[in-house]
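# Reading the structure
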Amino acid sequence: MKIIVTGGAGFIGSHTVVELIERGHTPIIIDDYRNSKPFILSRIEEITNTTVKSYNIDCCSFDKLDKVFKEEQPDGIIHFAAYKAVGESVNQPLKYYNNNLNSLTNILSLMQKHKVDNIVFSSSCTVYGTAEKIPVTEKTPRKPAESPYGNTKQVGEDILTDFFNSEHDKNISILRYFNPIGAHPSGLIGELPIGTPNNLVPYITQTAAGIRKELTVFGDDYTTKDGTCIRDYIHVVDLATAHIYAIEKIAKQSKQLDIYNVGVGIGTTVLEVVQTFEEVNNQKLNYIIGNRRAGDVVEIYSDNTKIVEELNWKPKYSLKDALRDAWNWQKKMQND
Ligand code: UDP
């Protein structure tokens, strides 16, 4: 299939482009590199030995996007391009609503106009907020969003559902990501945080590399086994693969709306991540215990039964693999 991948040079996007090629599909990248780097394209080509077509376009530019749809006539879209920093979204909500929602409505309008039937959308486990029962299934009720970023994911899901109900033949797959970490095992592509990382694993790798003085563990007085928060960390290549299975499934259908949790189904504490990183990479990590971070959910991990059963998807990589690959990527980046 020919698949447009918006945000295809980004962290999850670039790994998904690689997996699409490995499964015989033809990805077309749309990215304007505001949160990614163009050199990732040549890295994708190096990994896959394939030339990849790309457009430097903002998904909020309807006319430019229209031209790409007209020229490419894709079979489907995987839509990653969006802002994702929770804290920034609190300070600049309009930036988030403008970008994340306009790009989505543009894409849906163009799916109507050019008769493209299939879309996979990046959602997040943030839609569950503080869930009453862990692990969360897709039926766990959504909680009111705690940030404008989280709200763009909830509203995005709602827009897609309304769009689905109003159309005769559109297929939609909403993937609710847990915590993507790691990097491609080749060490050629990975996460490229801009400025100080907000997320745990890039902060750890930058600390181990000496770029940051120390990691602050945000709180060790939660009601968990070691007092630190629990998350479901998933290797980015496993997450990427879920997109391929999701679009391959809906492309065979007519009028289908799927929602899947994409996580490994294992809850891991912050200190367990730190210890595992130290162990697999034989690296001591400087860390201190700090205050709780505002807005952090104590514990969330997925029940992934639905995606395992319906898509026959299974995570192949462990937490150890992911932390080894993340460190390998960090070291390679420094040496380049
Ligand atoms: N965390 C931390 N120190 C950091 C960054 C994150 O202790 O510098 C913790 C954070 O409190 C949470 C977990 O690591 O419990 C994962 O945070 P991240 O920002 O990576 O993902 P989130 O689950 O918040 O989206």
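So, here is what we can say about the structure in this document. (Residues numbered from 1 in each chain as written. Predicted model: local features only at pLDDT ≥ 70, side-chain atom pairs only at ≥ 80, totals over all residues. Heavy atoms only, no water.)

### Some words on the site of the ligand
Taken together, 14 residues lie around the ligand, and Leu200, Thr216, Phe218, Arg231 and Asp296 are the ones closest in. The contact in question runs from an oxygen atom of the ligand to an N or O atom on the backbone of Asn198, over 3.4 Å. One of the side-chain nitrogen or oxygen atoms of Asn199 is found 3.2 Å away from an oxygen atom of the ligand. Here the ligand loses 86% of its free accessible area of 510 Å² to cover by the protein chains. Here the residues of the shell around the ligand sort into 7 nonpolar, 4 polar and 3 charged. (Near = heavy atom within 4 Å. Polar contact = N/O pair within 3.5 Å; in protein donor to acceptor, adjacent residues only side chain to side chain. Areas by Shrake-Rupley, 256 points an atom, 1.4 Å probe, with all protein chains shown as cover. Nonpolar A, V, L, I, M, F, W, Y, C, P; charged D, E, K, R; others polar.)

### Digging into the packing of helix α9 (residues 270–281) against helix α11 (residues 319–335)
As a packed pair, α9 and α11 sit with axes 9 Å apart at the nearest point and diverge in direction by 70 degrees. Here α9 is positioned roughly perpendicular relative to α11, judged by the angle of their axes. Of the two possible hands of crossing, α9 and α11 adopt the one that is right-handed. In this structure, α9 contributes Val273, Thr276, Phe277, Glu279, Val280 and Asn281 to the contact, and α11 contributes Leu319, Lys320, Leu323, Arg324 and Trp327. Of the residues assigned to the contact of α9 with α11, the class counts are 6 nonpolar, 2 polar and 3 charged. (Axes fitted to C-alpha atoms, helices over the stretch in contact; angles between N-to-C directions. Helix = DSSP H or I, 4+ residues; strand = E, 2+ residues; numbered from the N terminus. Parallel < 35°, antiparallel > 145°, perpendicular 65-115°, else oblique. Left-handed = near helix turned anticlockwise from the far one by under 90°. Contact = heavy atoms within 4.5 Å.)

### Some words on the pattern of salt bridges
Under the counting rule described, the total for this entry stands at 23 salt bridges. Between Glu72 and Lys2 there is a salt bridge, with its nearest N and O atoms 2.8 Å apart. In this pair, Glu72 is assigned in helix α3 (residues 62–72) and Lys2 in strand β1 (residues 2–6), connecting sequence segments 70 residues apart. Look at the salt bridges and you will find they share partners, linking Lys2, Lys53, Glu71 and Glu72 into a network. (Salt bridge = Lys/Arg side-chain N within 4 Å of Asp/Glu carboxyl O.)

### Details of the nonpolar core
The tendency in soluble globular proteins is for nonpolar side chains to be buried side by side. Ranked by size, the top nonpolar core spans 41 residues in total, and within it Ile44, Val262 and Trp313 carry the most contacts. Counting only elements with at least two residues in this core, the list comes to β1, α1 (11–22), α2 (39–48), β6 (171–177), α8 (236–251), β11 (256–262) and α10 (305–311). Per element, the largest residue contribution to this core is 9 residues, and it comes from α8. With residues up to four places along the chain from it excluded, the contact list for Val262 reads Leu175, Arg176, Tyr177, Phe178, Ile234, Leu239, Ala242, Ile307 and Trp313. Among the nonpolar cores identified, the runner-up in size contains 23 residues, and Phe69, Ile107, Leu110 and Ile172 belong to it. (Core = buried A, V, L, I, M, F, W, Y, C linked by side-chain atoms within 4.5 Å. Buried < 20%, exposed > 50% of the residue type's maximum accessible area, 1.4 Å probe, protein only.)

### Regarding unusual backbone geometry
Of note, the amide linkage connecting Ile134 to Pro135 takes the cis form, showing an omega dihedral of -5 degrees. Counting through the fold element by element, Pro135 comes out in the loop between β5 (118–124) and α6 (148–166). Positioned with a positive phi, Gln73 is a non-glycine residue whose angle comes to about 45 degrees. Positionally, Gln73 belongs in the loop between α3 and β4 (76–79). Located in the positive-phi region is Lys115, a residue other than glycine, with phi close to 55 degrees. Summarising the element assignment, Lys115 is placed in the loop between α5 (93–113) and β5.

### Here's the deal with the sheet that holds strand β2 (residues 26–30)
If you walk across this open sheet you meet the 7 strands as β3-β2-β1-β4-β5-β6-β11, and the pairing is parallel. A single partner strand is all that each edge strand has here, and the edge strands are β3 (53–55) and β11. Across the sheet, the mean angle from the axis of one strand to that of its neighbour is 20 degrees, orientation sign disregarded. Of the pairings in the sheet, the one linking β2 to β3 comprises 3 bridges and is parallel in character. Looking across to β3, one finds that Ile28 is bridged to Lys53. Contacts from α5 reach β1, β4 and β5, with the element oriented near 165 degrees to β5. Across the sheet, α6 lies against β5, β6 and β11, angled at about 150 degrees from β5, the strand it touches most. (Pairing = 2+ DSSP bridges.)

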